[in-house]
Amino acid sequence: MNSLDFLFNFEHFLPILVQEYGLWIYAILFLIIFSETAFVFMFFLPGDSLLLAVGALCSVVEIMHLGYMIILLFFAAALGYMVNFHIGRHFGDRIFNTESRFIKQEYLQKTNVFFLKHGGKTILLARFIPFARSFAPLAAGSSNMNYTHFVLYNILGALLWISVLVTAGYLFGHAIIQVSDFVDS
């Protein structure tokens with residue numbers, strides 16, 4: 001097994017990890033979702049596909065309980081965004097105030113204006129867009145988005161993202177079992 005293949009297609013190896021690590025799968029999944037949302041450079045980790053796969057496995061694997069998984073991954077996603085926001089708040093000025101041909105001050109000012117107008121919607125909807133998911137909280141923190149608004153939209157976005165995708169995966173996995181039982185009879 002190639003390590004890059006493992007990283008980029010983690011959801012395909014999930015059943016093997018459940019067999020190998022048992023209940024530790026909860027900690028592994030927490031760390032993956034937390035890392036993907038907390039650290040900009042971890043944007044390549046699986047998010048949506050992993051949540052769908054987790055939901056599907058919850059429908060067939062006894063140790064993976066749907067309710068526990070939704071609660072755990074909700075906390076991972078919400079905490080990850082909070083860490084990312086604070087990284088943006090702390091390092092944003094240092095990163096974005098340097099003279100660089102890649103970072104234009106004009107674009108940063110437009111980003112600040114954008115977050116003043118649409119920050120909440122951006123934080124909420126970015127959860128469902130893989131690349132934006134990693135960068136939205138960093139941009140919100142660096143543009144000094146109101147923290148109370150950020151927390152509110154962060155919690156709502158994490159709840160929607162995790163519950164919708166894990167539940168959809170669960171229903172899909174359950175439907176496959178029903179179809180399989182029907183075909184076998």
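Calculation rules
What you see as residue numbers is a count from 1 along each chain, following the sequence as written. Owing to the predicted nature of the model, reporting of local features is limited to residues with pLDDT of at least 70; listing and counting of side-chain atom pairs is limited to 80 or more, with chain, interface and lining totals taken over all residues. Heavy atoms from the whole structure form the basis of all side-chain values; hydrogens and water molecules are not counted. Without a salt bridge and with relative accessible area above 30%, a residue can belong to a patch; like charges are then joined within 9 Å and nonpolar side chains (Val, Leu, Ile, Met, Phe, Trp, Tyr) within 5 Å. Here the open area of atoms and residues is found with the Shrake-Rupley method and a 1.4 Å probe, where only the protein chains shown may cover a residue. Salt bridge, as used here, is a side-chain nitrogen of Lys or Arg placed within 4 Å of a carboxyl oxygen of Asp or Glu. Only runs of H or I of at least four residues qualify as helices and only runs of E of at least two qualify as strands under DSSP, and these elements are numbered from the N terminus. For every residue, the accessible area (1.4 Å probe, protein chains only) is compared with the maximum for its type, and the residue is labelled buried under 20%, exposed over 50%, or partly exposed between those bounds. UniProt positions are given in the numbering used here, feature names are shortened, and annotations may be inferred rather than shown by experiment. The criterion for an aromatic pair is that two Phe, Tyr or Trp rings (for Trp, the six-membered ring) have centres within 6.5 Å, with stacked assigned to planes under 30 degrees apart, edge-to-face to planes over 60 apart and tilted to the rest. Here the expected span of a helix is defined as 1.5 Å times the quantity of residues minus one.

**Q** Could you clarify how one ought to interpret a nonpolar patch on the surface in this entry?
**A** Taken together, F128, I129, L156, L160 and V164 make up a surface patch of nonpolar side chains, about 390 Å² in accessible area. If you trace the backbone, V164 turns up in helix α8 (residues 147–184). Classification of V164 by relative accessible area gives partly exposed; the value is 42%.

**Q** Hey, could you run me through the UniProt feature "transmembrane region" (unreviewed entry) in the protein in this one?
**A** Per the UniProt entry, the sites bearing "transmembrane region" (unreviewed entry) are residues 21–44, 50–83 and 151–177 in this numbering. Taken end to end, residues 21–44 comprises 62% helix and 0% strand; its first and last C-alpha atoms sit 23 Å apart. Note that residues 50–83 is 79% helix and 0% strand, and that its end C-alpha atoms are spaced 21 Å apart.

**Q** Got a minute to help me understand the packing of aromatic side chains in this structure?
**A** Aromatic ring pairs: the centre-centre distance and the angle between the two ring planes describe each pair. All chains considered together, the criterion is met by 9 aromatic pairs. Seen from their ring centres, F85 and F150 are 4.2 Å apart, and the 25° between their planes marks the pair as stacked. A residue pair is termed long-range when its members are at least 10 positions apart, and F85 in helix α5 (residues 66–96) and F150 in helix α8 qualify at 65 residues. You'll find F85 and F150 in the same group, each marked buried. Their ring planes at 45° and their centres at 4.7 Å tell us that F131 and F135 sit as a pair that is tilted. Within this pair, F131 and its partner F135 are both found in helix α7 (residues 130–142), separated by 4 residues, close to a single helical turn. A network of ring pairs unites the aromatic residues F30, F34, F39 and F41 as a single cluster.

**Q** Got a minute to help me understand helix α3 (residues 25–38) in this structure?
**A** An α-helical segment advances 3.6 residues per turn. Residues three or four places apart therefore align on the same side. Taking 1.5 Å of rise per residue, the 14 residues of α3 would be expected to cover 20 Å, and the 19 Å separating its terminal C-alpha atoms lies within 8% of that figure. The element α3 is largely enclosed, with a buried count of 10 among its 14 residues. Here α3 has its buried residues at I25, Y26, L29, I32, I33, F34, S35, E36, T37 and A38.

**Q** Please clarify how the pattern of salt bridges should be interpreted in this entry.
**A** Pairing of side chains with opposite charge becomes possible as their charged atoms draw close. Counted by the stated rule, this structure contains 2 salt bridges. Two residues, R133 and E36, come together in a salt bridge whose shortest N-O distance is 2.9 Å. Of this pair, R133 sits in helix α7 while E36 sits in helix α3, and the two are 97 residues apart along the sequence. There is no split in this pair, since R133 and E36 are both buried.

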